[in-house]
Amino acid sequence: MTGTIRSGGGIHIDGEVEGNVEAKSYVIVAKGAVVHGDIHAAEVYLSGTVHGDIWALEIERYATGVCHGQIEAFKINEDITKR
C-alpha cells in the first residue's frame, strides 16, 4: 500500500506500507510487516520493521521488532514475548 493511512481507531499492518501511519488509538506492525514512513499513535506494538520515526505514548517492542529511526514515547517496553 502506498500513501498516508489515518484512522480514528486502530490499525493492524500485516504487509508493506510506503507512507506515514497515523491512528488515534493503536498501530500494530505485525511480524514480517514493513512500514517505510513515520508512525504516530497512542500505542504502537512493534513486531515488524519500521524505516522511519515513531511517536507514541506507549510502545511495546517485541523480539522481532526493529525501528530504523527515532523513537519518542512516554513509556517503552522492550522484548515483550507474551503475544
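As a starting point, this report considers the structure included with it. (Residues numbered from 1 in each chain as written. Predicted model: local features only at pLDDT ≥ 70, side-chain atom pairs only at ≥ 80, totals over all residues. Heavy atoms only, no water.)

1. Digging into the overall build of the protein chain
Next, step 1: A tally of regular secondary structure across the protein chain gives zero helices and 11 strands.
Next, step 2: Over its C-alpha atoms the protein chain spans a radius of gyration of 11 Å, differing by no more than 12% from the 12 Å that the globule rule assigns to 83 residues.
Next, step 3: For the protein chain, the spread of C-alpha atoms along the three principal axes comes to 30 × 25 × 20 Å.
Next, step 4: Burial status across the protein chain gives 40% buried among its 83 residues. (Helix = DSSP H or I, 4+ residues; strand = E, 2+ residues; numbered from the N terminus. Rg over C-alpha atoms; globule rule 2.2 N^0.38 Å. Buried < 20%, exposed > 50% of the residue type's maximum accessible area, 1.4 Å probe, protein only.)

2. Let's talk about the sheet that holds strand β10 (residues 66–67)
Next, step 1: With respect to topology, four strands assemble into an open sheet ordered β3-β6-β8-β10, the strand pairing being parallel. Either end of the sheet is taken by a strand with one partner, and the two such strands are β3 (16–18) and β10.
Next, step 2: Bridge analysis of β3 against strand β6 (residues 34–36) gives three bridges, and the strand direction is parallel. By the bridge assignment, Glu-16 is partnered in β6 with Val-34. (Pairing = 2+ DSSP bridges.)

3. So, the pairing of strand β7 (residues 39–46)
Next, step 1: Judged from the two bridges that link them, strand β4 (residues 21–23) and β7 form a sheet pairing that is parallel. Looking across to β7, one finds that Glu-22 is bridged to His-40.
Next, step 2: Alignment of β7 against strand β9 (residues 54–62), held across seven bridges, turns out to be parallel. Looking at β9, one finds that Glu-43 is bridged to Glu-58.

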